[in-house]
Amino acid sequence: QVQLVESGGGLVQAGGSLVLSCAASGSIFNIDAMGWYRQAPGKQRELVAEIPSGGPTKYGDSVKGRFTISRDNARNTVSLQMNSLKPEDTAVYYCNADLNCSPAGCLGYWGQGTQVTVSL
C-alpha cells in the first residue's frame with residue numbers, strides 16, 4: 001500500500017509565502033513524476049507543477065515565476081515553494097505521484113489534500 005501525505009497548508013496574507021511538502025511511503029519500487037494540483041471551489045482540478053524523474057519541470061501558467069517545485073528522490077518527497085501568493089491561489093492542493101512503473105504503465109496516487117487560503 002502506498003500513501004502520500006501532504007503538509008504545510010494554511011492561511012497566509014496576499015504577497016506571503018508557504019511551503020507545501022509531500023512524502024510518499026509504502027511499497028514503492030520506483031517513482032516517475034511527482035507533482036502538485038489544486039482545486040478551488042466550483043472549479044476543475046488543475047496542474048500547479050510537475051517534476052518528472054527525468055526531463056524539465058512543468059508549471060501552470062498562473063504560477064510561473066512564483067512557485068518552485070523540487071523533489072528529494074532519496075526520501076521520496078516533493079515540495080512546493082509558493083511565493084507572492086494571491087487570493088486566487090486559494091484552493092485545496094493535492095500531491096500526485098506516478099510510481100511503480102512497468103512497461104504496462106505507472107500507478108497514480110493522490111494525497112488527501114491540504115487547504116491553502118490567501119487573504120487580502
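Residues numbered from 1 in each chain as written. Predicted model: local features only at pLDDT ≥ 70, side-chain atom pairs only at ≥ 80, totals over all residues. Heavy atoms only, no water.

Participant: Which parts of the structure should I look at to understand the packing of aromatic side chains?
Facilitator: Geometrically, a pair of aromatic rings is defined through the distance of the ring centres and the angle of the planes. Counted under the stated rule, the structure contains two aromatic pairs. Seen in terms of ring centroids, tyrosine 37 and tryptophan 110 are 5.1 Å apart; in terms of plane orientation they differ by 70 degrees. Their pairing is edge-to-face. Of the two residues, tyrosine 37 is situated in strand β4 (residues 31-39) and tryptophan 110 in strand β10 (residues 105-110); the sequence distance between them amounts to 73 residues. Between the aromatic rings of tyrosine 94 and tryptophan 110, the centroid separation amounts to 6.5 Å while the plane-to-plane angle is 85 degrees, which identifies the pairing as edge-to-face. Residue tyrosine 94 is found in strand β9 (residues 91-102), and its partner tryptophan 110 is found in strand β10; the two are separated by 16 residues along the sequence. Taking the relative accessible area as the measure of exposure, tyrosine 94 reaches 15% and is therefore buried. In this structure tryptophan 110 comes out as partly exposed when scored by relative accessible area, which is 41%. Site record: aromatic cluster; members linked through ring pairs are Tyr37, Tyr94 and Trp110. When the ring centre of tyrosine 94 is taken as reference, the NZ or CZ atom of arginine 45 above it lies at 3.8 Å. For arginine 45, the ring lying beneath its charged end belongs to tryptophan 110, and the centroid distance is 4.6 Å. (Phe/Tyr/Trp six-rings, centres within 6.5 Å; stacked < 30°, edge-to-face > 60°. Helix = DSSP H or I, 4+ residues; strand = E, 2+ residues; numbered from the N terminus. Buried < 20%, exposed > 50% of the residue type's maximum accessible area, 1.4 Å probe, protein only. Lys NZ or Arg CZ within 6 Å of the ring centre and 35° of its normal.)

Participant: Got a minute to help me understand the pattern of salt bridges in this structure?
Facilitator: Pairs can form between side chains of opposite charge whenever their charged atoms are close. This model, assessed by the stated rule, comprises six salt bridges. A salt bridge links aspartate 89 to arginine 38, with the nearest nitrogen and oxygen atoms 2.9 Å apart. Here the residue aspartate 89 occupies a position in the loop between β8 (77-82) and β9, and arginine 38 occupies one in strand β4, the gap between them amounting to 51 residues. Assigned by exposure class, aspartate 89 and arginine 38 land together as buried. When salt bridges with common partners are traced through the structure, they connect Arg38, Glu46, Arg66 and Asp89 into a single cluster. (Salt bridge = Lys/Arg side-chain N within 4 Å of Asp/Glu carboxyl O.)

Participant: What should I look at first to understand the sheet that holds strand β3 (residues 18-26) in this one?
Facilitator: Neighbouring strands of a sheet are bound in pairs by backbone hydrogen bonds; such pairs are parallel or else antiparallel. The strand order across the open sheet formed by four strands is β1-β3-β8-β7, and the pairing between neighbours is antiparallel. Edge positions in the sheet fall to β1 (2-7) and β7 (67-72), since each has one partner strand and no second. Between one strand axis and the next, the sheet turns through 15 degrees on average, direction left out of account. (Pairing = 2+ DSSP bridges. Axes fitted to C-alpha atoms, helices over the stretch in contact; angles between N-to-C directions.)

Participant: What should I look at first to understand the state of the cysteines in this one?
Facilitator: By definition, a disulfide is the covalent link that joins the sulfur atoms of two cysteine residues. A full pass over the atoms with the stated rule returns two disulfides. For cysteine 22, the disulfide goes to cysteine 95, at an S-S distance of 2.1 Å. Taking the torsion about the sulfur-sulfur bond, which here is approximately -80 degrees, the covalent link between cysteine 22 and cysteine 95 counts as left-handed. Linking cysteine 22 in strand β3 with cysteine 95 in strand β9, this pair joins segments that are 73 residues apart in sequence. Bridging cysteine 101 to cysteine 106, the disulfide has an S-S length of 2.1 Å. (Disulfide = S-S within 2.5 Å.)

Participant: Please explain the pairing of β10 as it appears in this structure.
Facilitator: Successive residues of a regular strand alternate their side chains across the two faces of the sheet. Relative to β10, β9 runs antiparallel, the two sharing five bridges. Note on β10: the bridge partner recorded for serine 102 is glycine 105. Between β9 and β10, which follow one another and run antiparallel, lie two residues.

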